[in-house]
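In case you want the letters, here they are:
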Amino acid sequence: MSSPEVPARPSPPGTVLAAAILLYIGGGLAILSGVIGLGRWPLLFALLNLLLGALYVGLARAVQTGRSWARTIVLVLSGLAIAVALVRLVTGGPGAIGALAWPIAYAVLLCTDSARAWFRSTT
């Protein structure tokens, strides 16, 4: 008796792959920062960087595999990051413009029509 054919899951659109790659890069950089900081920063700060990096890598994998909850979490975190960066921009905080780039990129990439349609089709 043969097993029933499972329909192939559609490949993610390029915008979703790009968002996942950016999340992997951000997570990797946070992990690297935490590892380097273990000997130089307070332990709690280094561990938070490691934890944040692991969260990013996990979200990247979940976004890449079409988990709509991961898309929602990334969009919520992006909204919070944009708000914090805007406050830093208004108050003259350092690096505010650079801090806007990543969350805006995530939000734009994950809110395209193709990305929304793909996430709807995978749930």
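Above this text you will find the structure in question.
Report follows, based on the coordinates. All values reported here derive from a predicted model rather than from experimental measurement.

Attention now moves to the packing of helix 1 (residues 14–37) against helix 2 (residues 43–64). Two elements in contact, helix 1 and helix 2, have axes separated by 7 Å at closest approach and are oriented at 160°. By the angle between their axes, helix 1 is roughly antiparallel relative to helix 2. As helix 1 runs across helix 2, the sense of the crossing is left-handed. Its residues assigned to classes, the contact of helix 1 with helix 2 comprises 16 nonpolar, nine polar and one charged.

Together, Leu17, Ile21, Ile25, Leu29, Leu32, Ile36 and Trp102 make up a nonpolar patch on the protein surface, roughly 610 Å² of accessible area in all. Among the elements that take part in the nonpolar patch, helix 1 stands out by supplying six residues, more than any other. Within the fold, Leu17 resides in helix 1. Residue Leu17 is classed as partly exposed on the basis of its relative accessible area of 33%.

This next bit is on helix 5 (residues 113–122). Those residues of helix 5 that sit buried are Ala115, Trp118, Phe119 and Thr122. Taken end-on, helix 5 shows its buried residues confined to a sector of 95°, consistent with a single buried face. Set apart from the buried face of helix 5 by more than 90 degrees, the exposed residues are Asp113 and Arg120. Residues of helix 5 that are buried sit in contact with helix 1, helix 2, helix 3 (68–91) and helix 4 (96–110).

Conventions and cut-offs
Residues numbered from 1 in each chain as written. Predicted model: local features only at pLDDT ≥ 70, side-chain atom pairs only at ≥ 80, totals over all residues. Heavy atoms only, no water. Axes fitted to C-alpha atoms, helices over the stretch in contact; angles between N-to-C directions. Helix = DSSP H or I, 4+ residues; strand = E, 2+ residues; numbered from the N terminus. Parallel < 35°, antiparallel > 145°, perpendicular 65-115°, else oblique. Left-handed = near helix turned anticlockwise from the far one by under 90°. Nonpolar A, V, L, I, M, F, W, Y, C, P; charged D, E, K, R; others polar. Patch = residues over 30% accessible without salt bridge, like charges linked within 9 Å, V, L, I, M, F, W, Y side chains within 5 Å. Areas by Shrake-Rupley, 256 points an atom, 1.4 Å probe, with all protein chains shown as cover. Salt bridge = Lys/Arg side-chain N within 4 Å of Asp/Glu carboxyl O. Buried < 20%, exposed > 50% of the residue type's maximum accessible area, 1.4 Å probe, protein only. Arc of directions from axis to C-beta. Contact = heavy atoms within 4.5 Å.

So far we have only geometry, and geometry alone does not tell us how the molecule works.
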